[in-house]
Structures are given as C-alpha cells and as structure tokens.
Amino acid sequence: MSTDILTISEAAALIKAGKLSPVELTEMCLARVKAFEPELHAFVTLTEDRARADAKKAEAEIKASGPTSPLHGIPIGLKDIIDTKGILTTCQSAHNIGNVPDADATCAVALDAAGTVLMGKLTTHEFADGGPSFDLPWPPSRNPWNTQRFTAGSSSGTGAAVAAGLVLGGLGTDTGGSIRGPAALCGIVGLKPTYGLVSRAGVAPAAYSLDHIGPMAWTTQDCALMLQALAGHDPADPASATRAVPDYTAGLGKGAKGLKVGVLSRWHETDRPVAPAVKAGIDAAISTYESLGAEIIEIKLSAMQEYNAAGFFISTVERGAAYERMMLKNPEKFGQRYRDRLVFAALCTGMDYVQALRRRRELIAEMAAAMAGVDVVLTAGNPDEAPPIDQVPRWDNLDKPNFTMAFNLTGMPAICVPSGFGPNGLPVSIQLAARPFGEAVLLQAAHAFEQATPWRQRRPAMLGLAKAA
Amino acid sequence: MPTPIASEAEMSAFLARAGFILTPEQVAEYVEAYGYIVEMSARIRGERSYMAEPAHIFSFPTEESAR
C-alpha cells in the first residue's frame, strides 16, 4: 500500500496528465480504509462496490474525453445525514435504521455530476448534534491524531476520514460549528458557506435557519474546488440564493497584499480565553498577514455570549420542532445526548424563540457594520486542542460560548484553517469569516495563510508517514 | 455554573406541556442545564423598538427584489 496521500488538486493534476487513474486512486483509499477504519470509525456505511463502479466509470470517461472537472475520479465521502439514493442514510440514529432514501440530496447530485467517486457515508453525531455518544447503534468517530481524543462534531467522520486520507474530500453540515469544529480538531480545512449558497434539499435538518452544507478537505484549494461544484440555486430549497456563482479559485495564489484583516481580539482574549497554542496561531496569522502586505484592523463586536445565546434558542427550538414527533413517539430510540437537546427545546418558550430572532436581526446588523471596513475577520476556530473523547461535558453547548455559532447566526461564510499544533501534538486552528457571499476573498485570504505556513506538510502519525513539519 | 433558579415543578410543567414524560430523577438531572437556559433567556432580552422585527421577515435578496 502506498503511504502517499494526495490532495484533490494534486490527484486531479495527475489524472489529467494520465499519470494516475481513478481506479488506482480509489484502491489506494480503500486500502487505507481497511487499515485504519477499525480504529477510526469514520464510516457508517462503506460503499466499496459503488466506489469501484464510480472509479471505473470515471476512468472510461477520462480516457475517452479527458476530465470534465477537477473532481472527476476523486474519492469523497458524505456525512450520513445527506440522502443517497439506494444507500442507507442513518443520521447515526436508531430511528433511521433501515432508512434507504429513494433520491439523492441536491449536494450529492452535484458531486456525482462532477464525477466524484462515492466511498461511503460518514459518521455524524445523532441527527447532527449532541455527541460524542456511546449509546447509539454506531460508535463515534475517533481523531486520527490520537484515537483517544474527540474529533468534535457533528461532521466527525468527515473530519477523521479526510485527515487520515480515507477520502480526499467530504461534505459536512454546520448548524453551530459542525464543519469548522471537526476541521479544527482534525487538522483539516472546513468551509461553512454563506446561508443559502449550497442547497439543503435532501439533508436532514438540524435547525432550519442555521443549517449549512459545505466542503471539508486537506487544503483551502480543495475546498474551493468542491464549493465550485456545490454552489448554485436550487428551487427545492426554499432558502436557496439566486446569485451567480463566481470562480472560487480566482483569488488563490494572489496573496494577501492589500487585504484588510479585522481581528476580533475580545472573543479569544476576554469572552473565552483560548489556550496558548491557539493564541500563538492567531498571533502568527496576524504577523503572516502583515508580512504579506495586509492591513490589520481591530474590530469590535458584542460579546460572543450574545451571539451564542440567540443561536442557542433558535437552534434548540427549530430542532425540537423538527424532531418533536419522534420524541413523543419513541424517545427511547434517541441517545442520551440528543434526547437532552430535545428536552431543552421543551424548556424554551415561544417568547424566547421570537426574542432570539429579534436579537439575531440586531446582531446581523452589528456584524455587517463591523465587516463593512474589512475583507475578512480573524478569530479562533476552537479554544484548545481536542479533549479526551470520554471527557466532553454533557452540557458543553451551554456552559461556554463557542467561536463558530456567531457566523451561523449571521449566515456569513467562515472557514477554519490549521495554524499549528498544541503541547499534546494535536492540531489547532484559526477561523476566518467574510461578508455574505464573500467566499472568493475568504478562500484567497485562507489560502495565503496556508501557503505561508508549514502546517499542511504533516499528517497524523498513525498513518506511518515520514513527512514532518 | 449559574445559580439554579428554577424549581423542578416549573420544569415539569414545561415538559408536561410538551408531552415529554420524564421521571422525577430525570427532571432533576436537567436542573443545572435549565439554569443556563434561564441565564441565556435573560441575555437575549433588552430594550427594543416595535420595529425591531425578527430576523428574516421579508428580507428578500437584493437581486430578487430588484426584478
């Protein structure tokens, strides 16, 4: 088995040059799945036959007329709340044992149309919230950097599978940080696009007005390539945006000269002080951007707790409404942590929900005003390295604010990019955010930081790779 | 941890209204969590004008409204 792990863009270049076949690439990924999946639990369903069939089809198409997109023949995985026609879609819940959708979600259709190879369905927290859980029909995913550590969630399998090279890219969903959290703790790149940019049709809801679907991959460039295939209007999603889709790779390689980078120091210094390694990553990002010719501007926003409180009521009540029927009929089928979240919904009032929506409008206006003078804002992705998987507090969404929910609440795009390693050898991350539909400049800024730092050179030690930063 | 200000009876009333059947022991487990919820409930309330409407009420995208 080869130990080399390619990025999407590297594999695409080799495929285009005829130096790598999708079949060969898929077999390399399947070999890694066989080797590491017993420890990682990144997959709920491995679609081995489908992957081989997709790869052969892609190989024939490419031989006949060349690749139709940079994703042609690339092995990917989908979070298991994304409907896949004829393939088990569990939402990691006993409620969905045996659930086989009769149609693909729009995002699955988009990646299939781009020629990807579907490797399987990836582990999630139950209905995309509340983990890690040890009382579900499937185990939680483990962090490839240390399998005793948490991946974060809820796109936990996607984070683990990409970091370990079991797939080259994958889809996650993000209602309060479920793409960016696993990206931060698993040392990969995760992009939550602007609300409405990627269709939610065919994806199980977590909270309707906060749900986003987005790419997770090893590099910023790979996320841009995936977003290119995913973005666009879909009449099947009532919140789908009607904007033209730009070229998300256009700014890659242009550096950061002339960009204005806002820094939200209050959040990571006062509202939730971060670990020294995370702070060092933020400071390094500021220095890096300055050295690249960007202008650093301190910006002021309300406390992170304000954004989290509004987000809590909206996500909790929308989730409760979506799954009320299941909770009333078969509450015992939920795991403890997801059942907790549904109980919380019963403890919120209608006035809580509407007041949270009113506060949301104020906070959107506040953030829009603060962002008017900058291209991107910089803060932490996660406050520390990954904790032990068996030491995640039961009320972890209540007692401390997270750095990600604010951008779900405001619908603005945000990305987590690795920024180093902590004292336990686990990855840490910065988070960048931009104005609505500002993905192109967001990716440009993230790519500039990524290219100026060495953090993409190191893979998890369990893979036995020689590369080191 | 916030000071628990809610009684279990208050929580039980909410849960009964929702149709969720929990044992007294289970209700007691949520007292700590409910304290956080009450604290956040206070945080989202403040002086607002009548015109401070909920987010997303007829906020059509610019391109759509220009047609």
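In this text the structure is predicted, and so the values were computed from the model without any measurement.

A. Fine view of the overall build of chain B. Secondary structure assignment for chain B yields four helices and zero strands. When the helices and strands of chain B are read in sequence order from the N terminus, they spell out α-α-α-α. Out of the 67 residues belonging to chain B, those deemed buried represent 13%.

B. Local environment of the interface of chain B and chain A. Contact with chain B, which involves 27 residues of that partner, is made by 31 residues of chain A. For the side of chain B that touches chain A, the elements supplying multiple residues, two or more each, are α1 (8-18), α3 (31-43) and α4 (62-65) of chain B. Per-element accounting of the side of chain B that touches chain A gives the leading share, eight residues, to α3 of chain B. Of the residues contributing to the side of chain B that touches chain A, the split by class is 17 nonpolar, three polar and seven charged.

C. Local environment of the pairing of strand β5 (residues 189-192) of chain A. All names here are of chain A. In β5, alternate side chains face the same way, and those of V189 and L191 on one face and G190 and K192 on the other are all buried. The sheet contact formed by β5 and strand β6 (residues 212-217) spans two bridges and is antiparallel. The partner of G190 across the bridge, within β6, is M216. The pairing of β5 with strand β10 (residues 414-421) spans three bridges and is classified as antiparallel. Looking at the pairing, G190 lines up with C416 of β10.

D. Spotlight on the packing of helix α10 (residues 304-329) of chain A against helix α12 (residues 350-371) of chain A. All names here are of chain A. At a closest axis distance of 9 Å, the pairing of α10 and α12 adopts a crossing angle of 135°. In terms of axis orientation, α10 runs oblique to α12. Two packed elements cross with a definite hand, and for α10 against α12 that hand is left-handed. Along its contact with α10, which presents E306, Y307, A310, F313, I314 and V317, the element α12 presents D352, Y353, A356, L357, R359, R360 and L363.

E. Local environment of the confidence of the model for chain B. All names here are of chain B. Across chain B, pLDDT averages 83, with 78% of residues at or above 70. Confidence scores differ between elements of chain B, with α4 showing the lowest mean pLDDT of 53 and α3 the highest of 94. We note a pTM of 0.96 for the whole complex and an ipTM of 0.92 for its interfaces.

F. Just the environment of E61 of chain A, in detail. Topologically, E61 of chain A is positioned in helix α3 (residues 48-65). Each C-alpha atom of the pair E61 of chain A and P331 of chain A lies 48 Å from the other, and the pair is 270 residues apart in sequence.

G. Layout of the pairing of strand β9 (residues 376-380) of chain A. Residue and element names in this part refer to chain A. Here β9 lies mainly inside the structure; five of its five residues are buried. Pairing geometry for strand β7 (residues 260-263) and β9, over three bridges, is parallel. Across the sheet, the residue bridging to G262 is V377, located in β9. Sheet analysis places β9 next to strand β11 (residues 427-434), joined by five bridges and oriented antiparallel. Bridge assignment links V377 to a residue of β11, and that residue is A433.

What counts and what doesn't
Residues numbered from 1 in each chain as written. Chains lettered and ligands numbered in written order. Predicted model: local features only at pLDDT ≥ 70, side-chain atom pairs only at ≥ 80, totals over all residues. Helix = DSSP H or I, 4+ residues; strand = E, 2+ residues; numbered from the N terminus. Buried ≥ 20, exposed ≤ 12 C-beta atoms within 10 Å, placed from the backbone. Contact = placed C-beta atoms within 7 Å. Nonpolar A, V, L, I, M, F, W, Y, C, P; charged D, E, K, R; others polar. Pairing = 2+ DSSP bridges. Axes fitted to C-alpha atoms, helices over the stretch in contact; angles between N-to-C directions. Parallel < 35°, antiparallel > 145°, perpendicular 65-115°, else oblique. Left-handed = near helix turned anticlockwise from the far one by under 90°. pLDDT = per-residue confidence, 0-100.

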